[in-house]
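Survey of secondary and tertiary structure
Residues per chain, in single letters:
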Amino acid sequence: MRTDERALLARLQQRDDPEDWSDAWETLVREYGDRVYGLSLRMLRHPQDAEDATQEVWERTLRGLSGFRGDSSLATWLYGITMNVCLTRIDKGTRSRVVTTDDPPGDPHFDPSDGSPDAERCALSAEARVAIERALGELEPEFRAVILLRDREDLRYEEIAQALEIPINTVKTRIHRARLVLQEKLEAFRP
Amino acid sequence: VTCHDVRDRLSAWRDGEAAGRTGLSSDERAAIARHLDECPSCREALARFERSVSILRELPSPTAPWPVTMRAMALGRRHADEMSEPQQKVAARVASVAEPEPAVRYASATHAAPAPAPMEFRSSERPPRFRVVLFIALGLIALTLLALTLGFQF
């Protein structure tokens, strides 16, 4: 765990100074809020579901803080909670518009970054973005989770295994298969 | 190694190269590297992997809607309020005890209220030590008066 993360965690685990705790919490939310929401949106593929999931992630984070021993980085732990919340919601299938290979995305124009300042700077066209998001959405959720953690959040295989509580060999297999599937779908968008 | 062996491990090999850890043995890594030097078809497969990874990385990051962030912040503020509540209750209990020790007053004040002014005791706020001395003095006077009264009688 990085030194700044360790310091932030220490502030979040103390109970003597509510004001400092509150500042630390705001730092955590500012630092990871967009990423937690972005992962939720790409997993659940619907803004309202992503908003609900994000709130649940923060609630679980709050409940879990005192028990978190810092075995992984704060980011890995947070992303683990995020994926757990999203995969559970997808499993339940009732509250989210689940996308699987059998059930292609309902919204053909789904673009999670639509309207974000980042989108305006992106070299990819809006059409390409929609197609890539669609390809991501067509991956099975477990495969989508590993590929997002690896290629978007830059987690190492061991960290993904920790976050998702799966064996590292499963991580390797899923990343490999997910990339093969994506590779076929993304051939049309060669730079 | 065959092309099939290499393709099966290409993703782990590529990520290991990027992250400094392959999850493959050094022999396997070296064998894959040699094969890639010699095999244009596997090199092309690697290039395709690289392209799909870079396309995913190029995707813009969504920004959390403002109300979502505000709700998360509010969650924290409520928690911080709950954290300070027990301290406020302790402070209230201490304040409800007729005359607390000065040290206790300071300890509770650091959490529940601004630092107190330098201690100036009003008559109702005098510390217990002062009262004990007063009590003993009054007791001694009472005993003396009693002894004198009894002495006069006998």
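Before any of the text, the structure's been laid out above.
Report on the accompanying structure. (Residues numbered from 1 in each chain as written. Chains lettered and ligands numbered in written order. Predicted model: local features only at pLDDT ≥ 70, side-chain atom pairs only at ≥ 80, totals over all residues. Heavy atoms only, no water.)

This part takes up the overall build of chain B. Scanning chain B from terminus to terminus reveals six helices and zero strands. Start at the N end of chain B and walk to the C end: the helices and strands fall as α-α-α-α-α-α. Buried positions account for 27% of the 154 residues belonging to chain B. Within chain B, residue pairs in contact and separated by at least 24 positions form 45% of the contacts whose partners lie at least 6 positions apart. For chain B, the exposed surface amounts to about 10,100 Å²; the carbon and sulfur share of it is 61%. (Helix = DSSP H or I, 4+ residues; strand = E, 2+ residues; numbered from the N terminus. Buried < 20%, exposed > 50% of the residue type's maximum accessible area, 1.4 Å probe, protein only. Contact = heavy atoms within 4.5 Å. Areas by Shrake-Rupley, 256 points an atom, 1.4 Å probe, with all protein chains shown as cover.)

Here we take up the layout of surface pockets. Residue and element names in this part refer to chain A. The volume enclosed by the largest pocket comes to roughly 430 Å³. As for the largest pocket, its lining consists of 20 residues, and the residues nearest its centre are Gly 80, Gln 162, Ala 163, Leu 164 and Glu 165. For the lining of the largest pocket, the secondary structure elements donating two or more residues are α3 (47-64), α4 (74-92) and α8 (157-164). It is α4 that contributes the most residues to the lining of the largest pocket, eight residues altogether. Here the residues of the lining of the largest pocket are counted per class, giving eight nonpolar, seven polar and five charged. Estimated volume of the second largest pocket: approximately 210 Å³. (1 Å grid on protein atoms, 1.4 Å probe; cavity = no way out; pocket = protein on both sides within 12 Å on 5 of 7 lines; lining within 4 Å. Points joined across faces, edges and corners; volume = space filled by probe spheres on them. Nonpolar A, V, L, I, M, F, W, Y, C, P; charged D, E, K, R; others polar.)

Quick look at the pattern of salt bridges now. All names here are of chain A. Taken as a whole, this structure holds 23 salt bridges over all chains when the rule is applied. Here Arg 134 ties to Glu 138 by a salt bridge, and the two come within 3.3 Å at their closest N and O atoms. In this pair, Arg 134 and Glu 138 both sit in helix α6 (residues 126-138), four residues apart, roughly one turn of the helix. Arg 134 gets classed as partly exposed once you look at its relative accessible area, which sits at 30%. Judged by its relative accessible area of 17%, Glu 138 falls in the buried class. Glu 138 is paired through a salt bridge with Lys 185; the nearest N and O atoms lie 2.8 Å apart. One end of the pair, Glu 138, is in helix α6; the other, Lys 185, is in helix α9 (residues 168-186), with 47 residues separating them in the sequence. For Lys 185, a relative accessible area of 36% gives the class partly exposed. (Salt bridge = Lys/Arg side-chain N within 4 Å of Asp/Glu carboxyl O.)

Once that is clear, we can look at the nonpolar core. Within the largest apolar cluster, 75 residues are counted, with the highest numbers of intra-cluster contacts made by A:Trp25, A:Leu28, A:Tyr32, A:Met43, A:Trp58 and A:Leu149. Here this core takes eleven residues from α4(A), the largest share from any one element. In this structure A:Trp25 touches A:Leu12, A:Trp58, A:Thr61, A:Leu62, A:Leu65, B:Ala72, B:Met73, B:Leu75 and B:Gly76, once residues within four positions along its chain are discounted. (Core = buried A, V, L, I, M, F, W, Y, C linked by side-chain atoms within 4.5 Å.)

Residues and elements named next belong to chain A. Counted residue by residue, helix α7 (residues 141-152) has eleven buried out of twelve residues, so it is predominantly covered. Turning to α7, its buried residues number three or more, namely Pro 141, Phe 143, Arg 144, Ala 145, Val 146, Ile 147, Leu 148, Leu 149, Arg 150, Asp 151 and Arg 152. Of the residues one or two after α7, Asp 154 is the one with positive phi, at around 65 degrees.

Take the packing of aromatic side chains next. All names here are of chain A. This structure, assessed with the given rule, holds four aromatic pairs over all chains. Measuring from ring centre to ring centre gives 5.7 Å for Trp 25 and Trp 58, while their planes differ by 70 degrees; the resulting arrangement is edge-to-face. Taken together, the positions of Trp 25 in helix α2 (residues 18-44) and Trp 58 in helix α3 put the pair 33 residues apart, joining distant regions of the chain. Considered together, Trp 25 and Trp 58 belong to a single accessibility category, that of buried residues. Between the aromatic rings of Phe 68 and Trp 77, the centroid separation amounts to 4.3 Å while the plane-to-plane angle is 10 degrees, which identifies the pairing as stacked. Take Phe 68 and Trp 77: they sit in the same class, and that class is buried. Clustering of aromatic rings is evident, with ring pairs tying together Trp 21, Trp 25 and Trp 58. (Phe/Tyr/Trp six-rings, centres within 6.5 Å; stacked < 30°, edge-to-face > 60°.)

Listed by partner, the interface residues are 55 residues for chain A and 43 residues for chain B. Sorting the residues of chain A by area buried against chain B places A:Arg152, A:His176 and A:Arg179 first, and these three jointly supply 13% of that buried surface. Joining chain A to chain B, the criterion identifies six salt bridges. As a salt-bridge pair, A:Glu26 and B:Arg77 come within 3.5 Å of each other at their nearest N and O atoms. At the boundary of chain A with chain B, the tally comes to 16 residue pairs in polar contact (both at pLDDT 80 or more). Elements with a contribution of two residues or more to the side of chain A that touches chain B: α2, α3, α5 (117-121), α6, α7, α8 and α9 of chain A. (Buried area = accessible area lost by both parts, 1.4 Å probe. Polar contact = N/O pair within 3.5 Å; in protein donor to acceptor, adjacent residues only side chain to side chain.)

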